[in-house]
Amino acid sequence: MCGRYAVTTDPAKLAAEIDARNEVPSGADAAPDTDQRAGRTVTTPNYNVAPSTTVMTVVDRHDPSPPPRTGGDPDLPVARRVRAMRWGLIPPWTKEFGKGPLLFNARAETVTTKPAFRSSAKNKRCLFPMDGWYEWRKGPLDSRGKPTKIPYYMTPEDGSRLYMGGLWSAWRSPEDREAGNDDAWISSATILTTEAVGAHREIHDRMPLIMPVEYWAAWLDPDRPVDPDLLAPPDLALADAIEIREVSPLVNRVSNQGPELLEPVS
């Protein structure tokens, strides 16, 4: 699974790196959001990203982009964009915000059939950029006889950035839909997970679905159905290029921040 990760670049820099449009508003430009449901601003660096946080995602959408509910016109060009989304997918048929499970992960093996994800798998696929992700391995029993949890951080050995496959959705309440309120859309997304490979299996039986750059065009294409081959576990060589390091239990508390969370324990 992937329930926590780190990202240190800002949306503008990320957009420049991947030749995309930055559509993440700055704090001064963000629309008022009194209940913080949509969370239209992204905080970076964030060394301890948790579900329900507003995060950066990468999507390909038609240009000009129509309202999220309508899809795009295949005859219009597609543009790559960096967008802010809530981490925790809200299925379109959800009646009330905050009700139901927080869908921050989705199993790659079943996204095309599960009701919560299958519509997004058709044409709303995205990428989650990150420096690395955290996972916890069961440790020895504590004084109360319960297994301890040892945190690990997984990051590319060469210092590059990871991009994980994800799905996104656009949602608004039934009341806003009936009123035709086009300013009430909430974009949300989930990270796909797959069977762990290589040394990662020693930490957890699941890992996020790594999406190499050569797969981006096919994965993000809003006019192309999902390719089952892209949902397969990563090649062993790709997984082996990711360092697995034990880190401080400081990461266990979501409120903790700072580069010290990424440092290996001695």
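Keep in mind that this is a model prediction, so the values were computed, not measured. Along each chain, numbering runs from 1 in the same order as the chain's sequence is written. In keeping with the model being predicted, local features are shown solely for residues with a pLDDT of at least 70 and side-chain atom pairs are shown and tallied solely at 80 or more, while totals for entire chains, interfaces and linings include all residues. Each side-chain value is derived from all of the structure's non-hydrogen atoms; neither hydrogens nor water enter the calculation.

**A word on the pairing of strand β7 (residues 125–130)**
Within β7, six of the six residues are buried, leaving the element largely enclosed by the surrounding structure. Relative accessibility thresholds used throughout: buried, under 20% of the residue-type maximum; exposed, over 50%; partly exposed, between the two (1.4 Å probe, protein chains only). Numbering of helices and strands runs from the N terminus; a helix is a DSSP stretch of H or I covering at least four residues, while a strand is a stretch of E covering at least two. Both faces of β7 are covered, namely the face carrying R125, L127 and P129 and the face carrying C126, F128 and M130. Sheet topology note: the β7/strand β10 (residues 162–171) ladder contains six bridges and is antiparallel. Along β10, the bridge assignment pairs P129 with Y163. Each pair of strands is called paired provided DSSP finds at least two bridges between the two strands.

**Some words on the side chain of E135**
If you trace the backbone, E135 turns up in strand β8 (residues 132–141). For the buried residue E135, which engages in no salt bridge, the nearest side chain bearing the opposite charge is K149, 8.2 Å off. Sequence-distant contacts of E135, defined by excluding residues within four places in its chain, comprise M1, C2, I150, P151, Y152, M154, I203, H204 and R206. Neither His nor the chain ends contribute to the count of charged residues, in which Lys and Arg are positive and Asp and Glu negative. Put simply, a salt bridge is a Lys or Arg side-chain nitrogen that is within 4 Å of an Asp or Glu carboxyl oxygen. The contact criterion used throughout is that any non-hydrogen atoms of two residues lie within 4.5 Å.

**Concerning the sheet that holds strand β3 (residues 46–49)**
Read from one edge of the open sheet, five strands run β3-β1-β8-β9-β13, paired in antiparallel fashion. Each edge of the open sheet is held by one strand with a lone partner, namely β3 and β13 (242–246). Shown here is a sheet whose adjacent strand axes are inclined to one another by a mean of 30 degrees, direction ignored. With seven bridges joining them, β8 and strand β9 (residues 147–156) adopt antiparallel strand pairing. By the bridge assignment for β9, E135 is matched with Y152. Helix axes use the C-alpha atoms of the stretch in contact, all axes being lines fitted to C-alpha atoms, and the angles between their N-to-C directions lie in the range 0 to 180 degrees.

**Regarding the packing of aromatic side chains**
Between 30 and 60 degrees the pair is tilted, below 30 it is stacked and above 60 it is edge-to-face, where a pair is any two Phe, Tyr or Trp rings, Trp via its six-membered ring, whose centres lie within 6.5 Å. Per the counting criterion, the structure on display carries eight aromatic pairs. Seen in terms of ring centroids, Y134 and W136 are 6.4 Å apart; in terms of plane orientation they differ by 40 degrees. Their pairing is tilted. Each member of the pair, Y134 as well as W136, is classed as buried. Taking 5.1 Å as the distance between ring centres and 40 degrees as the angle between the ring planes, the aromatic pair formed by Y134 and Y153 counts as tilted. Taken together, the positions of Y134 in strand β8 and Y153 in strand β9 put the pair 19 residues apart, joining distant regions of the chain. Residues Y134 and Y153 agree in their burial class; the two are buried. Linked through ring pairs, Y5, W87, F104 and F128 together constitute an aromatic cluster. Whether a charge sits over a ring comes down to the Lys NZ or Arg CZ being within 6 Å of the ring centre and within 35 degrees of the ring normal. One cation-aromatic arrangement involves K124 over W168; the distance from NZ or CZ to the ring centre is 5.5 Å. The cationic tip of R125 hangs over the ring face of W219; the distance from NZ or CZ to the ring centre is 5.6 Å.

**Points about the nonpolar core**
Take the buried Ala, Val, Leu, Ile, Met, Phe, Trp, Tyr and Cys residues and link them wherever side-chain atoms come within 4.5 Å; each set so joined is a nonpolar core. Residues Y5, F128, M130, W133 and W219 are the most contacted members of the largest nonpolar core, which totals 59 residues. Take this core: its biggest share by element is six residues, from β10.

**Describing unusual backbone geometry**
Cis geometry is adopted by the peptide bond preceding P45, which originates at T44 and carries an omega value of -5 degrees. Within the secondary structure layout, P45 lies in the loop between β2 (21–22) and β3. Despite not being glycine, D19 shows a phi value in the positive range, around 55 degrees. For D19, a relative accessible area of 69% translates into the label exposed. Positioned with a positive phi, S52 is a non-glycine residue whose angle comes to about 85 degrees. Looking at the secondary structure, you find S52 in the loop between β3 and β4 (54–62). The class of S52 is partly exposed, set by a relative accessible area of 42%.

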